[in-house]
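Topology and contacts: notes
Each chain, written out:
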Amino acid sequence: MSEVRFYLSLFFRRFHYLALIVIGCAAAGIILAFALPPVYRAEARLVVESPQIPGDLASSTVQASGYEILEVIQQRLLTRSNILSLSERYGVHADDPSITPDNIVKDMQERITIQIPLETYNNRDRAFFVTVSFDAPSGEMSANVTNELVAQILEQNTALRTDVAGQTLEFFVGEVARLDQELAEQGSRILEYQEANKDSLPDSLEYRRNRQTSLQERVVQLDRELSGLRDRRARLVEVYERTGRPDFLGESLTPEQRQLRQLQDQRASARVIYSEDHPRIKSLDGQIAALEAANIKLGLGTETAPNITAFELQLADLDGQIDFVERERSINDNELQKLAASIEATPSNAITLGSLERDYENLRVQYAQATASLAEARTGEQIESQSRGQRVTVTETAAVPQQPTDPNRNLIAFLGVVAGFGLAGATFLLLEILNNKIRRPADLEEQFGGPIFGSVPYIQSTGQVAAKRGLVTLVILLPIFCAGLILYLIQINYEPIDQLISIVNETLGIGTSAGESESG
């Protein structure tokens, strides 16, 4: 209980110092709250709508999600040229002509805020809202710049989607034309190759093999016929050389020559019996002479003196047949050689032709796919040109704010008071921790380790008390004054305190929603 009374007495003894600390911090907070310039923040809301036409019926060729497109648009809006143009057009930095372009870009990027829900990245088909805002010293400027940013977002979204759809359509138009040209060229190559190798293509291989077998059989038959003709000729020559007659049996004689031979045979038989003067012999001689005259007149001659002998006629006939058979065999041999060469060349021709046809088939498949893709690209281009796909629309335009958004003057003043109480309490505790002086009998007993029978307190003079109080007051108020002065100089010459607080919060991760992506 004595400890409580002792510290209460110390508190009341130092109350005026602690009150000075609280009053100084509260005053600094109030001064800072009302010294900060007002910041107006106008907000506009956009909605990224789902596609108007179901994807299973017709899909757009723009496959990027709304989140990705807005990310691209955001980077385009925050480019140096666009930001400098906005600042100059709306006079955002007109009151500070000495500011450099780099500082303008940095300040504008900090003022612009585009909030995109992060959960839309994983769920790309659902609609979501986007908030666009701009911090400005006046409400009208904030609303104008915010609406300009919204207009640029809508324009960039339309241009980006139509450009992508148009480029896709242009690509497939060129691709279809290229594949069509390549198909025609490949077809011409196949046709030229087939024309150049028409006798050795794989589709006629079976016919040529059958033809080769037939010709081989025909050659064997011709060889047999040729061998038979040559044997007949050799026998005919042998018979003629032995008998003097081309045909011992007379099978090759004409009727006149055969009749003449019969008469000659009869005369030879009668000559054995009769003499030359016998009437029978003379009658036969007369018939023989008349018949020989008739044969000579017909150009047949006689058997002993023919114009063309029967032997020669038979030899000529056999030679003609032999020549005919040999010519036919030669023709067949030539055709067989050509067939053998074409059959031998067929496998390599089949490989080459198959390669050409595979290339043609691959081109045909690519052409079919490109044609289907071209149809889809045309549909997608129509969807984007008519704004039937995913689109961005304005749900709420930026209105001129009537009250400043920042700074929160009441909060800053309240924080100044809270800081005063906290600093006063910390000062009280610090003085107690650092004070090792003996101030009461209990301290003497603790110091000397024995009981104290009596004590006389140290009595300060009035001047000492006043000097001590003045020194303590100066030590307390001087840091408060210096802190306020430093904050004021930062506000005037470097950066507004509220923006500096926002930077610190972003650096420490304080006050940032987990479901939002902020840029500014």
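Structure: above.
The paragraphs below set out a description of the structure included in this document.

The next thing to look at is the overall build of the protein chain. For the protein chain, the helix and strand inventory stands at 14 helices and 5 strands. In the protein chain, buried positions account for 31% of the 520 residues. Considering only contacts within the protein chain whose residues lie at least 6 apart along the sequence, 79% involve residues at least 24 apart. Of the roughly 32300 Å² of accessible surface on the protein chain, 57% is carried by carbon and sulfur atoms.

In terms of residue burial, strand β3 (residues 128–136) counts as a mostly covered element, since 8 of its 9 residues are buried. Pairing of strand β1 (residues 40–48) with β3 involves 9 bridges; the strand directions are antiparallel. For valine 47, the partnering residue across the bridge sits in β3 and is phenylalanine 129. Sheet topology note: the strand β2 (residues 112–117)/β3 ladder contains 4 bridges and is antiparallel. Looking across to β3, one finds that isoleucine 114 is bridged to valine 132.

Moving on to the packing of helix α4 (residues 80–90) against helix α6 (residues 139–196). In contact at an axis separation of 11 Å, α4 and α6 are set at 140° when each is read in the N-to-C sense. Comparing their axes, α6 and α4 come out oblique. When the axes of α4 and α6 are compared, the crossing they make is right-handed. Residues Asn82, Leu86, Arg89 and Tyr90 of α4 lie in contact with α6, whose contacting residues are Met141, Asn144, Val145, Glu148, Leu149 and Gln152.

Moving on, we come to the pairing of β2. Counting buried positions along β2 yields 6 of 6 residues, so the element is predominantly enclosed. Because side chains alternate across β2, one face comprises the buried residues Ile112, Ile114 and Ile116, and the other comprises Thr113, Gln115 and Pro117, equally buried.

Pairs of aromatic rings are described using the distance from one ring centre to the other and the angle between the two planes. One pass over the full model with this rule turns up 1 aromatic pair. With a centroid separation of 5.1 Å and an interplanar angle of 75°, the aromatic rings of phenylalanine 171 and phenylalanine 172 are classed as edge-to-face. You can call phenylalanine 171 partly exposed: its relative accessible area is 49%.

With that settled, consider the packing of α4 against helix α5 (residues 101–111). Here α4 crosses α5 at 85°, and the two axes come no closer than 9 Å. It follows from the interaxial angle that α4 and α5 lie roughly perpendicular. On α5, the residues touching Arg80, Ile83, Leu84, Leu86 and Ser87 of α4 are Pro101, Asp102, Ile104, Val105, Met108 and Gln109. For the contact of α4 with α5, the per-class residue count stands at 7 nonpolar, 2 polar and 2 charged.

Together, Leu474, Leu478, Phe481, Leu485 and Leu489 make up a nonpolar patch on the protein surface, roughly 490 Å² of accessible area in all. Position of leucine 489 relative to the elements: it lies in helix α13 (residues 462–494). A residue is classified by how much of its surface remains accessible, and leucine 489, at 42% relative accessible area, is partly exposed.

Leu70, Val130 and Val132 are the most contacted members of the largest nonpolar core, which has 33 residues in total. Secondary structure elements with two or more residues in this core: β1, α3 (66–77), α4, α5, β2, β3 and α6. Judged by nonpolar contacts, the second largest core, of 9 residues, contains Phe172, Leu179, Leu183 and Leu363.

Before going further, it helps to examine the environment of phenylalanine 134. Its location among the elements puts phenylalanine 134 in strand β3. The spatial distance from the C-alpha of phenylalanine 134 to the C-alpha of valine 39 is 9.7 Å, given a sequence separation of 95 residues.

As enumerated under the stated definition, the model contains 14 salt bridges in all. Put simply, arginine 41 and aspartate 135 hold a salt bridge, and the shortest N to O gap is 2.6 Å. Here arginine 41, found in strand β1, pairs with aspartate 135, found in strand β3; they are 94 residues apart in sequence, far enough to count as distant. Residue arginine 41 is classed as partly exposed on the basis of its relative accessible area of 29%. Of the charged contacts, one joins glutamate 361 and arginine 364 as a salt bridge, the two residues approaching to 2.6 Å between their closest N and O atoms. Here glutamate 361 and its partner arginine 364 are both found in helix α10 (residues 310–385), 3 residues apart, which amounts to about one turn of the helix. Glutamate 361 gets classed as partly exposed once you look at its relative accessible area, which sits at 35%. Overlapping salt bridges, with partners in common, bring together Glu175, Arg178 and Glu182 in one network.

Conventions we followed
Residues numbered from 1 in each chain as written. Predicted model: local features only at pLDDT ≥ 70, side-chain atom pairs only at ≥ 80, totals over all residues. Heavy atoms only, no water. Helix = DSSP H or I, 4+ residues; strand = E, 2+ residues; numbered from the N terminus. Buried < 20%, exposed > 50% of the residue type's maximum accessible area, 1.4 Å probe, protein only. Contact = heavy atoms within 4.5 Å. Areas by Shrake-Rupley, 256 points an atom, 1.4 Å probe, with all protein chains shown as cover. Pairing = 2+ DSSP bridges. Axes fitted to C-alpha atoms, helices over the stretch in contact; angles between N-to-C directions. Parallel < 35°, antiparallel > 145°, perpendicular 65-115°, else oblique. Left-handed = near helix turned anticlockwise from the far one by under 90°. Phe/Tyr/Trp six-rings, centres within 6.5 Å; stacked < 30°, edge-to-face > 60°. Nonpolar A, V, L, I, M, F, W, Y, C, P; charged D, E, K, R; others polar. Patch = residues over 30% accessible without salt bridge, like charges linked within 9 Å, V, L, I, M, F, W, Y side chains within 5 Å. Salt bridge = Lys/Arg side-chain N within 4 Å of Asp/Glu carboxyl O. Core = buried A, V, L, I, M, F, W, Y, C linked by side-chain atoms within 4.5 Å.

Structural measurements only, silent on function.
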